[in-house]
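Geometric and topological summary
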Amino acid sequence: MYAAELVGVTKRFGPVLANDGIDLAVARGEVHAVVGENGAGKSTLMSILYGLHRPDAGEVRRDGHRVVLRSPTDAIRHGLGMVHQRFRLFPGLTVAENIVIGAEPVRKGRLDRAAANEAVAALSERYGLRADPSALVGGLPVGVRQRVEILRALYRHAEVLILDEPTAVLTPGETERLFEVLRTVAATGVSILLVTHKLSEVLAVGDRVTVLRQGRVTGRFTTSETDADELVNAMIGRSLTPPVRRRAHAPAGDPLLEVRDLTVRDADGVARLSEVSFTVRPGEIVGLAGVAGSGQRELIDSVTGLRGAVPEVLLTGTPVKAGRDPRVAYVPEDRHGRATAPAMSVAENVLMGAQRDLASRWALPRAKVRARARDLVDRFSISAASVDVPIGALSGGNAQKAVLARELTRPSTVVVAEEPTQGVDVGVRERVHDLLRAARDEGAAVLLQSSELSELRDLADRILVLYEGRVVAEFPGDATEKELGRAMTGATG
Amino acid sequence: MSAPAVAHRVVASAPVVAVAGALLLTTLVMLVVGVDPALAYPALVRGAVLDGNLEYTVAAFVPTLGMALAFALPLRAGEFNLGGDGQLAAGGVTAAAVALLVPLPPGAAVVLPLIAGAVAGGLVAVVAAPLSTRLGIPAIVSTLLISAPAVSLASYLVRFPLAEPNTGIAQTPPLPDAAHLPALGGSGYLTIGLPLIAALTALWLYADGRTVLGYEIRATGQNREFARYGGVRVGRVAALALAGGGAFAGLSGALIVLGPPHRFVDGALTAPGYTFTAVAAVLLASARPVVVPLTVALLTFLQVGGQGMEREAGVPSQLTQIVQGLIIVIVAVLATLRARRPR
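Position numbers for residues start from 1 in each chain and track the written sequence from start to end. Throughout, the order in which chains and ligands are written sets their labels, letters from A for the former and numbers from 1 for the latter. Side-chain atom pairs in this predicted model are given and counted only at pLDDT of 80 or more, local residue features only at pLDDT of at least 70, and totals for whole chains, interfaces and linings cover all residues.

- Going by the annotation in an unreviewed UniProt entry, the name recorded for chain B is ABC transporter permease, with Herbidospora solisilvae given as the source organism.
- Check the Subcellular location (unreviewed entry) section of the UniProt entry for chain B; it says "Cell membrane". UniProt positions are given in the numbering used here, feature names are shortened, and annotations may be inferred rather than shown by experiment.

- As annotated in an unreviewed UniProt entry, chain A is ATP-binding cassette domain-containing protein from Herbidospora solisilvae.

Below, the structure is given as structure tokens:
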């Protein structure tokens, strides 16, 4: 009998099939890793297990019995616990207060602090998770805060503990300690579900692995009988890649984009990028590979000027300007959050960035705005009922073409494209690729970030691999997916 | 679109549903508390437009429209300005102070206090901008919090330094004749404030739809990250929109003070509840700025008519506040339902 089971779980969000008939079973006291690329359906699956989403089909079982989880409260009652990627702690309360919250020991209608501290001390003793019950959470390092989260779940008698990308925020030393803790906790009979995309971690701490790709299970392994290659194959899949179309002439000339020794730290002082250096020359497409969260966001925001003036980034020899440098055309990954304002019209969306060029003094004539938009809609064969409909009403592919139309008609010499074919159909994908190749042939320097290795292999002259904020490898454009996959997951050798 | 289809869209639109629903519910409330709707509604209409009341309704329309702009302009940039009362009072007291203390030639004696009032209102509002962009305190909170001390400060000024001596009443002395807003066609209530606010509304509608600044304000309001990505200085745009809103509020305060009875009476600016009537009107107009003057007119009609209803039919004017409150609730419910509809 399994501690927790997901049987035939299917979940659809609009047109996206996030989980497609997934079976997953976790035995008592095992560390079970769930791996997959970004968007493979891991988070959705864990949200279903924790009662945050309800499956369209399939069921959840605990100790062999079917349970219906309508909310996390239900899940907690059934002995499930979850440590989220972003901690949900109160920085102004103590460790003990954070742990007992929702199930406080009460004496005479008030919180019994002494009992809380005692219970937490006993708990941390039992599982070997050292944490001072009376310390304020706000002053603790990230690794200890995570331990508090784990203790909170255990305090609520969690028998199945879900950890969502727990090492994303940790230093290597803290990661080591976390793994020790997980093994100790598992030894007491608690089952652990570890969601991750780092294969080295899976092999280090997991007992068994379930691999997801595009919402389906593509592999089940026992870690002692598998290796990184086998997992990479299951994760990325062996899609037949067509012969790569290359140009006859090599890129030449001074680099249009140069990044020199760039280090970026987040608000907590954690390095998100470390000593990144590379160049992109005119007529060259440089691919950027790496699992999500390896520093792509920080690198691209630095290159486009959205992180402010970054002296380490040079465009045509001079530092990037703050607040969107006009020398960069940028196709963002987040189509609704950043690339468009979905409720505004197509015309007003393709206007962004050119509004001052089109204006006569302060006035922005609507006729001009519309005429320009119609021209772009024709040239880039965007199908829209009119340029006045909200861009959010267009299909993903047409919205993406509109974004490309806006960006590629800017007077820019550097093109940054981020997941440019995410969520578009095959036809649009071809068109997007043609447009990027055309920009390259006209002498632009193109930086292409993609999680689709076949896309990088189709387009890029060189591929850089980011791993934990560092460029760990550089490959020629015809590198095999296996080579790339290994570098992306930090597998050495 | 065919005529029936147009009719359907108008009838089923949020403002119409909200007003109809609110009136229906208010009628129910009347029946429950034992008020005869057949008496109350005619009294309401008479109170608003008949028996010479129309003039008064139009006079109340002016500051309400001004306050609607004060809320609507920042709202276009995604900032909620709920501090209208403070900006209104600051504008009013500043205008009164300038008119009383600075000797000015005719003409300038009207124009300068108006400008000073607008500037004061703008300054009170713009304090919220750095709090929002630098410290992440939402404008909806900071404007509201700043409002109370601003109202109190105006109240202090009019009770002590600017008070009319030897009366003990919290009001300024009457403003000099040169500072009185010119009346419109010999009317007792109507001043050039009406054409002024109408012109400013037209200017705002033009700027919103057909200028670079209007476009950048709307882009900032629709999706701040999109605007930032496009190179718009979103912090500056948001601050500008808040300042502009505050200036409209300050100007409204100045218009009240320079109009009859030509003095700043403590509480007279905030007591009629222009600010929240205006907020209700803008929310009722939902995303369409052109509709704002119409919804302001409707709610002013209810507001003033409600007082008439109280005088004539003995129906508490709070009933019209119930109408207003219900309108906001229904608009909010409709908006939520629309957002929750599966895409």
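That was the structure; now back to the text.
Some details on the packing of helix α9 (residues 193-210) of chain B against helix α10 (residues 212-222) of chain B
All names here are of chain B.
- Note on geometry: axes are C-alpha line fits, over the in-contact stretch for helices, and angles between N-to-C directions span 0 to 180 degrees. Only DSSP runs of H or I reaching four residues or more are called helices, and only runs of E reaching two or more are called strands; each is numbered from the N terminus. The N-to-C vectors of α9 and α10 enclose an angle of 70°; their axes lie 5 Å apart at closest approach. Relative to α10, the element α9 lies roughly perpendicular. Facing Ala 207, Asp 208, Gly 209 and Arg 210 of α9, the residues of α10 in contact are Leu 213, Gly 214 and Arg 218.
- Ten residues, namely Ala, Val, Leu, Ile, Met, Phe, Trp, Tyr, Cys and Pro, are considered nonpolar, four, namely Asp, Glu, Lys and Arg, are considered charged, and the remaining ones, Gly among them, are considered polar. Residue composition of the contact of α9 with α10, grouped by class: 2 nonpolar, 2 polar and 3 charged. Note on terminology: angles under 35 degrees are roughly parallel, angles over 145 are roughly antiparallel, angles of 65 to 115 are roughly perpendicular, and the others are oblique. What counts as a contact here is a pair of residues whose C-beta atoms, placed from the backbone, lie within 7 Å.

Details of the domain arrangement of chain A
Residues and elements named next belong to chain A.
- The domain limits used here are those given by an automatic or database domain assignment. Under the domain assignment, chain A is made up of domain 1 (4-236), domain 2 (251-327 + 412-493) and domain 3 (342-411).
- A separation of 33 Å is found between the C-alpha centroids of domain 1 and domain 2.
- The partner domain 2 presents 12 residues to the 11 residues of domain 1 that form the contact.
- The leading source of residues in the side of domain 1 that touches domain 2 is helix α8 (residues 228-236), at 4 residues.
- The residue makeup of the side of domain 1 that touches domain 2, split by class, is 5 nonpolar, 3 polar and 3 charged.

Quick look at helix α17 (residues 481-488) of chain A
All names here are of chain A.
- Counts of 20 or more other C-beta atoms within 10 Å of a residue's own C-beta define buried residues, counts of 12 or fewer define exposed ones, and intermediate counts define partly exposed ones; C-beta atoms are placed from the backbone. Within α17, the full set of buried residues consists of Glu 481, Leu 484, Gly 485, Ala 487 and Met 488. The buried residues of α17 occupy an angular sector of 165° when projected down its axis, which confines them to one face.
- Looking at the packing, one finds that the buried side of α17 touches α8, β15 (284-289), α16 (453-459), β21 (462-467) and β22 (470-476).
- Following α17 by one or two positions, Gly 490 adopts a phi angle in the positive range, close to 75°. This arc corresponds to the set of directions leading from the helix axis out to the C-beta atoms.

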